[in-house]
Amino acid sequence: MTAEESLNRAEDLLARLEQARLRLEGTDDPDQAIDILQELAELAKEVEAELQRAKRAAETEAVAPPDAPAG
């Protein structure tokens, strides 16, 4: 996966994070709030993982661009 692909995935996850945050804001049900908070925590972990992947990919691409011939 390229750095750009990882960043695009992170952006998608951030959009989902924002949607979940809005749902949390709109609920008065404590059980639903707990479920949404768990979802927010999981999404935040996924965003962090994608950002780490993007960083590693960017570092790799800087050393050996993807269009460079192998060998």
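Structure: above.
All of the points below concern the structure found in this document. (Residues numbered from 1 in each chain as written. Predicted model: local features only at pLDDT ≥ 70, side-chain atom pairs only at ≥ 80, totals over all residues. Heavy atoms only, no water.)

**So, the packing of helix α1 (residues 3–25) against helix α2 (residues 30–63)**
- Where α1 contacts α2, the two axes come as close as 8 Å, and the packing angle between them is 165 degrees. When the interaxial angle is binned, α1 and α2 end up roughly antiparallel. Where α1 crosses over α2, the two elements pack in a sense that is left-handed.
- Its residues assigned to classes, the contact of α1 with α2 comprises 19 nonpolar, 1 polar and 9 charged. (Axes fitted to C-alpha atoms, helices over the stretch in contact; angles between N-to-C directions. Helix = DSSP H or I, 4+ residues; strand = E, 2+ residues; numbered from the N terminus. Parallel < 35°, antiparallel > 145°, perpendicular 65-115°, else oblique. Left-handed = near helix turned anticlockwise from the far one by under 90°. Nonpolar A, V, L, I, M, F, W, Y, C, P; charged D, E, K, R; others polar.)

**Side note on the nonpolar core**
- L13, A20, I36, L40, L43 and V47 together form the largest nonpolar core, which totals 6 residues.
- Broken down by secondary-structure element, the contributors of at least two residues to this core are α1 and α2.
- Tallying contributions element by element places α2 first for this core, with 4 residues.
- The residues touching L40, leaving out its near neighbours within four places in the chain, are L17, A20, R21 and L24. (Core = buried A, V, L, I, M, F, W, Y, C linked by side-chain atoms within 4.5 Å. Buried < 20%, exposed > 50% of the residue type's maximum accessible area, 1.4 Å probe, protein only. Contact = heavy atoms within 4.5 Å.)

**Overview of the pattern of salt bridges**
- With the rule as written, the count across this model stands at 6 salt bridges.
- Of the charged contacts in the structure, one is a salt bridge between E39 and R23, with a shortest N-O distance of 2.3 Å. Linking E39 in helix α2 with R23 in helix α1, this pair joins segments that are 16 residues apart in sequence.
- Here E39 falls in the partly exposed class, since its relative accessible area comes to 27%.
- In this structure, E50 and R53 form a salt bridge, with 2.7 Å as the shortest nitrogen-oxygen distance. (Salt bridge = Lys/Arg side-chain N within 4 Å of Asp/Glu carboxyl O.)

**Focus: the environment of E5**
- Assignment of secondary structure puts E5 in helix α1.
- Separated by 49 residues in sequence, E5 and A54 place their C-alpha atoms 7.7 Å apart.

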